[in-house]
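What follows is each chain in one-letter form.
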Number of protein chains: 2
Amino acid sequence: MSDELRDLPLRERKKARTRRALAETALRLFTERGYDATTLDDLCDAVEVSRRTFFRNYRSKEDVALAADSDLWSAYLDDVAARELTGPLIEALRAVLDITLGAMDPDWERRFLAARELSDAVPALQAHSLGYCHDTTRALVEVVSGRPGADVDPWRLRLSVEIFVAAWRTASLRWTAQGGHGGRDTLMKLVEETFADLPAALTSPA
Amino acid sequence: MSDELRDLPLRERKKARTRRALAETALRLFTERGYDATTLDDLCDAVEVSRRTFFRNYRSKEDVALAADSDLWSAYLDDVAARELTGPLIEALRAVLDITLGAMDPDWERRFLAARELSDAVPALQAHSLGYCHDTTRALVEVVSGRPGADVDPWRLRLSVEIFVAAWRTASLRWTAQGGHGGRDTLMKLVEETFADLPAALTSPA
DNA sequence: ACAGCTAATGCCACTGAGTGGCATTGTCGC
DNA sequence: GCGACAATGCCACTCAGTGGCATTAGCTGT
């Protein structure tokens, strides 16, 4: 039994197991059979829960497919909220991303890679993933602009955060494009390289 | 009769009218009643076509809602393909965007503003709109990297295009946030200002 | 160990987006 | 006017998503 569940009451443990089983089985079936070729009934049958229970755990079919994306952004926003950001904003956001990536559970990058590969193949999942980034962008702007001493132009702040997401998307695409080899260490290295390339990308000739 | 349709055969004219009527009525009903509160049956009844015909014209309910987004990106990609890009890539892409925005039909920004406002209220539409940007990003990368003499690092190219989209999204959000006042002239001015702010956004403190 | 309370589950019937086959209708070219 | 072709609409369907409520399971107090 994983550490997070050990001290929970049985009911909570059972709920958490159901939630994980849905996410794990969903990823497996979506990868093996294809996202569109797998119905929610297929998934629920495989996990032996009802569709009603599925929708108690996930808001949509896309949500269960992209649980790894959601886990990342959730944890990231918690980490940003818990830390003071210093120096250039984009650099500070990237530093916290490093922390969050490092702290994701040991199995996270396998699930994330699978989710990314599904997204590359299914437009609805790609759009949903972008929706998570959009929600994260809005939340980041809220967190940063709500801080004492925050005096930056709100639209410059928004632009900075959008650039942060642009760099992250590019880095994760690089990582996926080479098959996720090297796991999260390589992902983190590519994130670093991509962010370091921002100034050059701004002035790069056509 | 608008200029584009005058010289077309009757069948083509009728198809184009149906397509426009669907988009126009969709925008009106989605704005008046709410996106989720309006069914495809409601829309088809109002335009007096079948759902089958709806799906001959649009791929999804989201597609008809965001027809103005789609129109923009379609025209933009055509304009990029038709022109030589010189100078820094982001600046060249922005210059073509200026051209495309200027050339959109007179009614475009009204439809675009309505689409943006719906997107801000409906997550599925926001995600769909982001999906269009993603598709445009991929297409731009194809166009630019496929050119003779194109020698830039493909990931730097990708990053540049993602930054371009980030700036556009920020500029259009600025425009929407002030209610679209000043029409496309203001939108274009905000695009210019936002792109000019990129270097500062890169180094802006937290 | 049991009873009462609360929360979760699953059944069921439903809505609405999306789909495809095919008969009917309308347009086009001669 | 006619034949060919394209578009339309009907119809029956699938599947994602939803909500009410009876049943089941877990928790707590005695």
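Residues numbered from 1 in each chain as written. Chains lettered and ligands numbered in written order. Predicted model: local features only at pLDDT ≥ 70, side-chain atom pairs only at ≥ 80, totals over all residues. Heavy atoms only, no water.

### So, the UniProt feature "DNA-binding region" (unreviewed entry) in chain A
Here the UniProt feature "DNA-binding region" (unreviewed entry) sits at residues 39–58 of chain A. Taken end to end, residues 39–58 of chain A has its terminal C-alpha atoms 15 Å apart, with 75% of it in helix and 0% in strand. (UniProt positions renumbered as here; feature names shortened; annotations may be inferred. Helix = DSSP H or I, 4+ residues; strand = E, 2+ residues; numbered from the N terminus.)

### Quick notes on the protein's contact with DNA strand C
Around DNA strand C lies a shell of 21 residues, among which K15(A), R56(A), L10(B), R11(B) and K61(B) are the nearest. Backbone sugar and phosphate groups make up 56% of those atoms of DNA strand C lying within 4 Å of the protein. Between DNA strand C and L10(B) there is a distance of 2.8 Å, counted from a phosphate oxygen to a backbone nitrogen or oxygen. Of all the secondary structure elements, the ones that give two or more residues to the surface near DNA strand C are α2 (10–33) and α4 (51–57) of chain A together with α2 (10–33), α4 (51–57) and α5 (61–65) of chain B. For the surface near DNA strand C, a count of residues per class yields five nonpolar, five polar and 11 charged. (Near = heavy atom within 4 Å. Polar contact = N/O pair within 3.5 Å; in protein donor to acceptor, adjacent residues only side chain to side chain. Nonpolar A, V, L, I, M, F, W, Y, C, P; charged D, E, K, R; others polar.)

### Concerning the packing of helix α9 (residues 123–145) of chain A against helix α9 (residues 123–145) of chain B
Where α9(A) contacts α9(B), the axes come no closer than 8 Å and their chain directions differ by 110°. In terms of orientation, α9(A) lies roughly perpendicular with respect to α9(B). Along its contact with α9(A), which presents Q126(A), A127(A), H128(A), L130(A), G131(A) and H134(A), the element α9(B) presents Q126(B), A127(B), H128(B), L130(B), G131(B) and H134(B). Its residues placed into classes, the contact of α9(A) with α9(B) shows four nonpolar, eight polar and no charged. (Axes fitted to C-alpha atoms, helices over the stretch in contact; angles between N-to-C directions. Parallel < 35°, antiparallel > 145°, perpendicular 65-115°, else oblique. Contact = heavy atoms within 4.5 Å.)

### Digging into the relation of the copies chain B and chain A
Once turned by 180° and shifted 0.0 Å along the axis, chain B lies on chain A with an RMSD of 0.0 Å. These values place the two chain copies in the arrangement generated by a two-fold rotation axis. Every residue of chain B has its C-alpha some distance from the rotation axis, and the shortest such distance is that of A127(B), at 2.4 Å. (Least-squares fit on C-alpha atoms with pLDDT ≥ 70 in both.)

### A look at the interface of chain B and chain A
At the interface, 38 residues of chain B touch 38 residues of chain A. By the criterion of area lost to chain A, the three top residues of chain B are W155(B), L159(B) and L202(B), representing 20% of everything that side buries. Here chain B is connected to chain A by two salt bridges. Notably, a salt bridge pairs D197(B) with R156(A), separated by 2.6 Å at the nearest N-O pair. For the pair chain B and chain A, the interface holds eight residue pairs in polar contact (both at pLDDT 80 or more). Elements represented by at least two residues in the side of chain B that touches chain A include exactly α7 (89–103), α9, α10 (154–177) and α12 (198–203) of chain B. Element by element, the count of residues in the side of chain B that touches chain A is highest for α10(B), at 14 residues. (Buried area = accessible area lost by both parts, 1.4 Å probe. Salt bridge = Lys/Arg side-chain N within 4 Å of Asp/Glu carboxyl O.)

### Examining the protein's contact with DNA strand D
Taken together, 21 residues lie around DNA strand D, and L10(A), K14(A), K61(A), K15(B) and R56(B) are the ones closest in. Sugar plus phosphate, as a fraction of atoms of DNA strand D within 4 Å of the protein: 56%. R11(A) places a polar main-chain atom, nitrogen or oxygen, 3.0 Å from a phosphate oxygen of DNA strand D. At 3.0 Å from a base nitrogen of DNA strand D is found a side-chain nitrogen or oxygen belonging to R52(A). Secondary structure elements with two or more residues in the surface near DNA strand D: α2, α4 and α5 (61–65) of chain A together with α2 and α4 of chain B.

### Some remarks on the domain arrangement of chain A
Residues and elements named next belong to chain A. Domain assignment breaks chain A into domain 1 (3–59) and domain 2 (66–200). Computed over C-alpha atoms, the centres of domain 1 and domain 2 are 26 Å apart. Every contact between the two is made by seven residues of domain 1 and, on the other side, nine residues of domain 2. Of the roughly 610 Å² buried between domain 1 and domain 2, counting both surfaces, carbon and sulfur atoms make up 75%. Together, E24, L27 and Y35 form the three largest contributors to the area buried by domain 1 at its contact with domain 2, with a combined 69%. Inspection of the domain 1/domain 2 interface yields one salt bridge. Where E24 meets R110, a salt bridge forms, and the shortest distance between an N and an O atom there is 2.9 Å. Linking domain 1 with domain 2 are one residue pair in polar contact (both at pLDDT 80 or more), by the criterion used here. When its residues are assigned to classes, the side of domain 1 that touches domain 2 shows five nonpolar, one polar and one charged. (Domains from an automatic or database assignment.)

### Things to note about the UniProt feature "domain: HTH tetR-type" (unreviewed entry) in chain A
The UniProt feature table records "domain: HTH tetR-type" (unreviewed entry) at residues 16–76 of chain A. Spanning residues 16–76 of chain A, this segment combines 79% helix with 0% strand, and its end C-alpha atoms are found 21 Å apart.

### Some words on the pattern of salt bridges
Summed over all chains, the structure comprises 34 salt bridges over all chains. Among the salt bridges present, the one from R94(A) reaches E91(A), with a minimum N-O distance of 3.1 Å. Of this pair, R94(A) and E91(A) both sit in helix α7 (residues 89–103), three residues apart, roughly one helical turn. For E91(A), a relative accessible area of 37% translates into the label partly exposed. Counted as one network, the salt bridges with shared partners bring together E24(B), D71(B), D105(B), D107(B), R110(B) and R111(B). (Buried < 20%, exposed > 50% of the residue type's maximum accessible area, 1.4 Å probe, protein only.)

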